[in-house]
Amino acid sequence: MSKEAFNPLVEIRKYFQYLQDLGYSLVPNCKEFSLKMANGLTSKEADLLDFFETLSLCQDCGLYRTRKQTVIDKNFNQQDIMLVGEYPSREDDFNGYPLSGSIREHLQKMLLSIGLRVEDFYTSLVVKCKPPYGRLPEEEEISLCKRHLLREITLLRPKLILAFGNLPPRALLGESESIITVRGKPFKFRESVIIFTYHPNYMQKNPAVKRLIWEDLKTFKKLYESLK
Ligand code: SF4
């Protein structure tokens, strides 16, 4: 009777599968060797999945009480370029991912003008849960939630970020920054370069900014081309 050779890696994998079946997701005190990694994910992907799990359960500010769900782009296949918006719309809250619904259609048109699509980007928001009754996020909510965006950028390490609206410069550059003064200029942020521009919703109410957004998109495209 043939006897299968003992393979410690196979046995370890079986043991991790057994732990996972019991409901464990990490080996305690052994982050580098998580069950997700045992299942073939890279360390970066495993860290991102852990981050998504933590984020989806976050209750750091009062917005968790009224959200349908935390809004997260769990598709991290696109990591080189990132879009950052402000806070979830009703459609985002329903769909569970950022920049969805009608805003996505506007963004798609804008990005197609420079030969890109929303799907080419990893998408994110400064505030991850929808404020109730159509109100804007409050200072405290922005300040508590922006650490998630910072963590996201640290984990993803995108080369380029295109950010829309007033909240991203305030969250990433400082409270007193305004889109009016920072738009269109490349800012180095950790390992990334960011271009800030006006929000597509603002353009709908103020068609005059369309030309400025177009200039900013062209700047972004030049930087993108220089990556190749
Ligand atoms: S808005 Fe941000 S800080 Fe507040 S509960 Fe949601 S994820 Fe947490």
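Scope of this entry: the structure provided in the associated data block. Because the structure is a prediction, the values reported are computed rather than measured.

**Thoughts on the nonpolar core**
If you look at the biggest cluster of nonpolar residues, it comprises 56 residues, and the most contacted ones within it are L83, L111, L162 and F220. With 7 residues, the single largest contributor to this core is helix α6 (residues 139-156). The contact partners of L111, leaving out residues within four places of it in the chain, are L83, L116, R117, V118, F121, L162 and L217.

**Comments concerning the sheet that holds strand β4 (residues 187-189)**
Taken in spatial order, the 5 strands line up as β2-β1-β3-β5-β4 in an open sheet, and their pairing is mixed. Two strands in the sheet have a free side with no partner beyond their single neighbour: β2 (122-125) and β4. Each strand of the sheet is rotated relative to its neighbour by a mean of 30 degrees, with strand direction disregarded. The pairing of β4 with strand β5 (residues 192-197) spans 3 bridges and is classified as antiparallel. For F189, the partnering residue across the bridge sits in β5 and is S192. Packing against the sheet, helix α10 (residues 210-227) makes contact with β1 (81-85), β3 (160-164) and β5, and its axis sits at approximately 165 degrees to β5.

**Thoughts on the pairing of β3**
Each regular strand carries side chains that alternate between the two faces of the sheet. β3 sits mainly inside the fold: 5 of its 5 residues count as buried. The two faces of β3 match: L160, L162 and F164 on one face and I161 and A163 on the other face are all buried. Sheet analysis places β1 next to β3, joined by 4 bridges and oriented parallel. From the neighbouring strand, V84 faces β3, where its bridge partner is A163. In this sheet, β5 lies alongside β3 in parallel orientation, the contact comprising 5 bridges. For L160, the partnering residue across the bridge sits in β5 and is V193.

The rules behind each value
- Residues numbered from 1 in each chain as written.
- Predicted model: local features only at pLDDT ≥ 70, side-chain atom pairs only at ≥ 80, totals over all residues.
- Heavy atoms only, no water.
- Core = buried A, V, L, I, M, F, W, Y, C linked by side-chain atoms within 4.5 Å.
- Buried < 20%, exposed > 50% of the residue type's maximum accessible area, 1.4 Å probe, protein only.
- Helix = DSSP H or I, 4+ residues; strand = E, 2+ residues; numbered from the N terminus.
- Contact = heavy atoms within 4.5 Å.
- Pairing = 2+ DSSP bridges.
- Axes fitted to C-alpha atoms, helices over the stretch in contact; angles between N-to-C directions.

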